[in-house]
Amino acid sequence: MRAEATQRVALVFSLLDANHSGVLEAEDFTLMADRVVAAAREAAAPAKDRLRGAFAQYWTTLRTTLDTNGDGEIDFEEYAACVLSPERFDATVTEFAEALAALGDPDGDGLIDRQDFLALMTAIGFAPVNTEALFEAFGPTTADQLPVPVWVEGIKDFYAPEKADIPGDQLVGGVTV
């Protein structure tokens, strides 16, 4: 596994642990979904419901695939195993990526405005400076927007252990803008 992937896994685990208990549990995914949906003020109810469903699917996939001791919690060691078998999570990551991007495109024009992108990424827990750097790394349009497919692919790349030097690496550690 690439060092970049290891850093991304550690970051995502810390963000998903929304209640800061040191393990992932169902409550974390509800808390995270609530925060992200609240940040999407302009989004329609179906987009918000889809994101809530994507977080629920994410938790269900983790629990059924990685909870090796059956305690209803995923510790970091269990979570890190998802990187070793990314094919088990492709559908879940794809649904999450598509649901998040749809939430960021409330007018349905296929473009995500900078402010919507920053609001959602900050609600997830990413540092604002890193989130700004990521937006720039994606190469926004002259109208300061990202095409939905660019963000979807960027999210999927973030979860891919074989990927390096991707825009999503802006979210980990220091930022090079």
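Residues numbered from 1 in each chain as written. Predicted model: local features only at pLDDT ≥ 70, side-chain atom pairs only at ≥ 80, totals over all residues. Heavy atoms only, no water.

Time to look at the overall build of the chain. Helices and strands together make up the secondary structure of the chain, namely eight helices and two strands. Put simply, the chain runs from its N terminus to its C terminus through helices and strands in the order α-α-α-α-α-β-α-α-β-α. Scaling as 2.2 N^0.38, a compact globule of 177 residues should have a C-alpha radius of gyration of about 16 Å, and the chain matches this with 15 Å. Summed over all atoms, the accessible surface of the chain reaches about 8200 Å², with 54% contributed by carbon and sulfur. (Helix = DSSP H or I, 4+ residues; strand = E, 2+ residues; numbered from the N terminus. Rg over C-alpha atoms; globule rule 2.2 N^0.38 Å. Areas by Shrake-Rupley, 256 points an atom, 1.4 Å probe, with all protein chains shown as cover.)

Counting 51 residues, the largest nonpolar core has Val36, Tyr79, Phe117 and Trp151 as its most contacted members. When residues of this core are traced back to their parent elements, those giving at least two are helix H1 (3–16), helix H2 (26–39), helix H3 (45–66), helix H5 (90–103), helix H6 (114–124), helix H7 (128–137) and helix H8 (148–158). Setting aside residues no more than four positions away along its own chain, Tyr79 makes contact with Val9, Val12, Phe13, Leu16, Leu24, Tyr58, Leu62, Leu66, Ile74 and Tyr159. (Core = buried A, V, L, I, M, F, W, Y, C linked by side-chain atoms within 4.5 Å. Buried < 20%, exposed > 50% of the residue type's maximum accessible area, 1.4 Å probe, protein only. Contact = heavy atoms within 4.5 Å.)

Our next topic: the packing of H6 against H7. Their axes nearest at 10 Å, the elements H6 and H7 cross at an angle of 135 degrees. Comparing their axes, H7 and H6 come out oblique. Between H6 and H7 lies a crossing whose hand is right-handed. On H7, the residues touching Arg114, Phe117, Leu118, Met121 and Thr122 of H6 are Pro128, Thr131, Glu132, Leu134, Phe135 and Glu136. Within the contact of H6 with H7, the residues separate by chemical class into six nonpolar, two polar and three charged. (Axes fitted to C-alpha atoms, helices over the stretch in contact; angles between N-to-C directions. Parallel < 35°, antiparallel > 145°, perpendicular 65-115°, else oblique. Left-handed = near helix turned anticlockwise from the far one by under 90°. Nonpolar A, V, L, I, M, F, W, Y, C, P; charged D, E, K, R; others polar.)

Let's shift gears to the packing of aromatic side chains. Taken as a whole and assessed by the stated rule, the structure comprises twelve aromatic pairs. Clustering of aromatic rings is evident, with ring pairs tying together Phe29, Phe55, Tyr58, Trp59, Phe96, Phe126, Phe158 and Tyr159. Its end group placed over the ring of Phe158, Arg8 keeps NZ or CZ at 5.8 Å from the ring centre. (Phe/Tyr/Trp six-rings, centres within 6.5 Å; stacked < 30°, edge-to-face > 60°. Lys NZ or Arg CZ within 6 Å of the ring centre and 35° of its normal.)

Our focus in this paragraph is H3. Look at H3: 31 Å from first C-alpha to last across 22 residues, which is about the 32 Å you get at 1.5 Å a residue. Taken together, the buried positions of H3 are occupied by Ala47, Leu51, Ala54, Phe55, Tyr58, Trp59, Thr61, Leu62 and Leu66. Taken around the axis of H3, the buried residues stretch over an arc of 160 degrees, which confines them to a single face. Projecting away from the buried face of H3 at angles above 90 degrees are the exposed residues Pro46 and Thr64. (Expected span 1.5 Å × (residues − 1). Arc of directions from axis to C-beta.)

In this structure, His20 takes a positive phi of about 60 degrees despite not being glycine. Structurally, the position occupied by His20 is in the loop between H1 and H2. What makes His20 exposed here is its relative accessible area of 67%. The residue Asp165 is not glycine, and still its phi comes out positive at about 55 degrees. Within the secondary structure layout, Asp165 lies in the segment after H8. A residue is classified by how much of its surface remains accessible, and Asp165, at 73% relative accessible area, is exposed.

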